[in-house]
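# Secondary and tertiary structure notes
Residue-level listing of the chains:
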Amino acid sequence: MIDATDLTKCFGPLVAVNGLSFEIGRGEVVGLLGPNGAGKTTTLRMLTGYLPPSRGAVTIAGLDVLRSSLEVRRRIGYLPESVPLYGELRVGEMLEFHGQLHRMDRSRRRERSAFVLERVGLTERRTQRIDNLSKGLRQRVGLAVALLADPELLILDEPTSGLDPLQRMEVRDLIRELARERTVLVSSHILPEVEAVCDRVLILHRGRLAADGRPADLVRELGGTGHLSLTAELGPDTGQAAELLRKLPGVASLKVVDASQAANAGEEPINHPSLRSFELTGEGELAAVVGELARDRSWVIHQLAWQRATLEELFASIALDMNEALLDGMAPAVAPLAPLAPTAHTEPTAHTEPTTPTEPTAPTEPTTPTAPTTPTDPDAPGADS
Amino acid sequence: MRGTLVIMRRELFSLATSPFAWILLSVALFLNGVLFTAYIQLLDGDVTWALRFALGESLAFWALLVFLPPLFTMRMVAEEARSGLVEYLLTSPISDAAVILGKFLAATTFLALFWCSVPLYGLVLAGLGASPDWGALLGGTLGAILTSGLFVSTGLLASASTSTPVLAAFLALAFNLTWLALPLVTELLLGGAVSWLARVFSGGEGLGGASLAAAGDWLQRLVGTIDILAHFQKSFLVGLLDTTEVVFFLSWTGLFLFLAVRLLETRRWR
């Protein structure tokens, strides 16, 4: 459905989007993720043909976006971030106007606008002026407008921004429902949302594609780990509990938390002598494994909470890694090959990303600080000799 | 074409539902009416001349012609650039030209409505037993509409160049006034400058002065060809529908609309 190759957009000296290539198949629901200023909106504007790319090309349904612009626009339902609507029009009139722009005939306009209003839950607001609607309702009108012409491709730029949690959930459900019939591309910087709705995410960072894949796969591949927090009365095991936990399969790291602090969260200020809290990270069924251990050693569990690895952490790690990669790229500037260094180094370091998170899996903590430096150091002299 | 009509209808709707447009229109109509009554009284009931004053021979007429269009057009593109509606329109399945053309037609129609009030004076007077010069009256009305269209096009060009409506109005107004005053300015300049230069250079021979005078003549003729006032008075006011004059107004209008479309397109990469 969408085929973007080497999409690049420069605003003067600023490279907003840099060499973006991806393909989105018919019927896919894709989330475009990235922090503010990552180039999400610019990318979407290039896909809709509003901004011509500085380099590269986009085809939508096999049509070049710039060359067959009108044909492409007829197939896209686009909701820009600012939700542009004519405030002096009533909701129904806005839909009527949009339908006329799309050359829908009168009966189809009437039928579609009734359907679409029903879909976004605005049937009763049909005769209200758009200026008098709240932000959330405006957002829904925007969605209705984007949907009216029954487009093959729906592009939504931050459709849930400025909405309250309830409305956000509604929009999320709506998008999920819409996704059954068409291709949807949603941009967002709110990760759980994208995770909930999309089968695939594209992560943008500083205008580059940092990751592309199913959220779960990405999390696994890029070394996403789950969090477990445990608070328990350990009895006779107080001394060796940390050791026991660390030996469990799948545990990546362990941190002992001050029990009195941890208990603050709950209401009971019990100061049991053997009450301890731990924060673990790791993969697999960590909760079950820890639970089993607790049963075997007859610990009294006060709290056992398991949180699966989320896109959020993955995202943070990508952003951090990229920053480190940039710093790494700066570091060899001392080396003779200075001018080539920055660009040459960002690519390989991006590839080593998956390996860096595996580093902390090393069971003993003291070695980890030295570990990250060792793999990169031998690389540099090795390349030199 | 269909897209143009859709845009035009929406713009007309906006104008018709905005108090600003109606206030502007009523003030203009009131002013015009009061002035017309004054003309009649001052001219001792000379209907034909009073109508000529109301359509083309008075400062008030030209002031309305110059001031009204920018006030109607100033928001048309500038406001939409600010609110993001330009993004909506330019990603809708209509051409950029249809957007501008639709807005142009809407503003011109609204102004045409205003100028059509003057033939109504004629009707009333005819009903009272006077015999107005219908040719001049209808010609003048057509001329006023065509000139309004021209100033609407410059107004749209100005509106497309900025996202501040007031600035757009100011730019368009300055441009229109300069254009109208161009013949006057060249005359003043040439009158003073040419004679001065001729005096300086014709110390020995008369040759320098003569060629300078020829150059001044040429410039004056050039300015004369784009003199809106002259074009207006030459044809429409005498009740003569001269196609060259119609083409003059339409082609300049077309040029400015074309530039406005181009400018709207550059919004994409600005």
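Heads up: the structure comes first, above all this text.
Worth saying up front: this structure is predicted, and the values here are computed from it rather than measured.

## Some remarks on the overall build of chain B
Each helix and strand in chain B was counted, giving 12 helices and zero strands. Moving toward the C terminus, one meets the helices and strands of chain B in the order α-α-α-α-α-α-α-α-α-α-α-α. Across the 270 residues that make up chain B, the buried fraction comes to 49%. Roughly 12500 Å² of accessible area belongs to chain B as shown, and the carbon and sulfur atoms make up 74% of that amount.

## Brief notes about the packing of helix α3 (residues 91-101) of chain A against helix α5 (residues 135-148) of chain A
Residues and elements named next belong to chain A. Interaxial distance between α3 and α5 falls to 9 Å at its minimum, and their mutual angle equals 30 degrees. For the element pair α3 / α5, the angle class is roughly parallel. Relative to α5, the crossing made by α3 is right-handed. Side by side, α3 and α5 meet where V91, M94, L95, H98 and G99 of the first sit next to V141, A144, V145 and L148 of the second. Here the residues of the contact of α3 with α5 sort into seven nonpolar, two polar and no charged.

## Brief notes about the pairing of strand β3 (residues 29-33) of chain A
Residues and elements named next belong to chain A. Taking burial as the measure, the five residues of β3 include five buried ones, the bulk of the element. A two-sided burial pattern is seen for β3, the buried positions comprising V29, G31 and L33 on one face and V30 and L32 on the other. Note: β3 against strand β8 (residues 183-188), five bridges, orientation parallel. Considered in β8, the bridge of L33 is made with S188. Judged from the four bridges that link them, β3 and strand β9 (residues 200-205) form a sheet pairing that is parallel. Its bridge partner lying in β9, L33 is registered against I203.

## Details of unusual backbone geometry
In this structure, D6 of chain A takes a positive phi of about 50 degrees despite not being glycine. Assignment of secondary structure puts D6 of chain A in strand β1 (residues 2-11).

## Some points on the side chain of S113 of chain A
Residue and element names in this part refer to chain A. Its place among the elements puts S113 in helix α4 (residues 106-120). Residue S113 is classed as buried on the basis of its relative accessible area of 5%. The contacts of S113, once residues within four sequence positions are left out, are L95, R126 and L148.

## Describing α3 of chain A
Summarising burial for α3 of chain A: nine of the 11 residues are buried, a large majority. The set of residues buried in α3 of chain A consists of V91, G92, M94, L95, F97, H98, G99, Q100 and L101 of chain A. Where the residues of α3 of chain A are buried, they touch α4 and α5 of chain A together with α1 (2-17) and α5 (85-90) of chain B.

## Considerations on the interface of chain B and chain A
Contacts between the two partners involve 26 residues from chain B, matched on the other side by 28 residues from chain A. Of the roughly 2500 Å² buried at the junction of chain B and chain A (both faces included), carbon and sulfur atoms supply 59%. Three residues stand out in chain B for area buried against chain A, namely E87, Y88 and P93 of chain B, and they jointly supply 29% of the buried area on that side. Salt-bridge contacts for R10 of chain B lead to E88 of chain A; the nearest nitrogen and oxygen are separated by 3.1 Å. Elements with a minimum of two residues in the side of chain B that touches chain A: α1, α4 (59-83) and α5 of chain B.

## Re the packing of aromatic side chains
Given two aromatic rings, their pairing is described by the distance between the two centres and the angle made by the two planes. Residues and elements named next belong to chain B. One pass over the full model with this rule turns up 18 aromatic pairs over all chains. Seen from their ring centres, F175 and W179 are 6.0 Å apart, and the 70 degrees between their planes marks the pair as edge-to-face. A residue pair is termed a helical-turn pair when its members lie 3 or 4 positions apart in one helix, as F175 and W179 do in helix α9 (residues 165-201) at four residues. Judged by its relative accessible area of 38%, F175 is partly exposed.

## Some details on the sheet that holds strand β10 (residues 208-213) of chain A
Residues and elements named next belong to chain A. Taken together, six strands build an open sheet; the order of strands is β6-β7-β8-β3-β9-β10 and the sheet is mixed. Two strands lie at the open edges of the sheet, namely β6 (76-79) and β10, each paired on one side alone. Looking at each pair of strands side by side, their axes are set apart by 15 degrees on average, direction ignored. Sheet strands in contact with α5 are β6 and β7 (153-157), and its direction is about 165 degrees off that of β6.

## Remarks on the environment of A112 of chain B
All names here are of chain B. By secondary structure assignment, the location of A112 is in helix α6 (residues 96-115). Judged by relative accessible area, which is 16%, A112 ranks as buried. Considering only alpha carbons, one finds A112 and S148, 36 residues apart in sequence, at a separation of 7.8 Å.

Scoring rules and cut-offs
- Residues numbered from 1 in each chain as written.
- Chains lettered and ligands numbered in written order.
- Predicted model: local features only at pLDDT ≥ 70, side-chain atom pairs only at ≥ 80, totals over all residues.
- Heavy atoms only, no water.
- Helix = DSSP H or I, 4+ residues; strand = E, 2+ residues; numbered from the N terminus.
- Buried < 20%, exposed > 50% of the residue type's maximum accessible area, 1.4 Å probe, protein only.
- Areas by Shrake-Rupley, 256 points an atom, 1.4 Å probe, with all protein chains shown as cover.
- Axes fitted to C-alpha atoms, helices over the stretch in contact; angles between N-to-C directions.
- Parallel < 35°, antiparallel > 145°, perpendicular 65-115°, else oblique.
- Left-handed = near helix turned anticlockwise from the far one by under 90°.
- Contact = heavy atoms within 4.5 Å.
- Nonpolar A, V, L, I, M, F, W, Y, C, P; charged D, E, K, R; others polar.
- Pairing = 2+ DSSP bridges.
- Buried area = accessible area lost by both parts, 1.4 Å probe.
- Salt bridge = Lys/Arg side-chain N within 4 Å of Asp/Glu carboxyl O.
- Phe/Tyr/Trp six-rings, centres within 6.5 Å; stacked < 30°, edge-to-face > 60°.

By themselves, these observations are geometric and do not establish any function.
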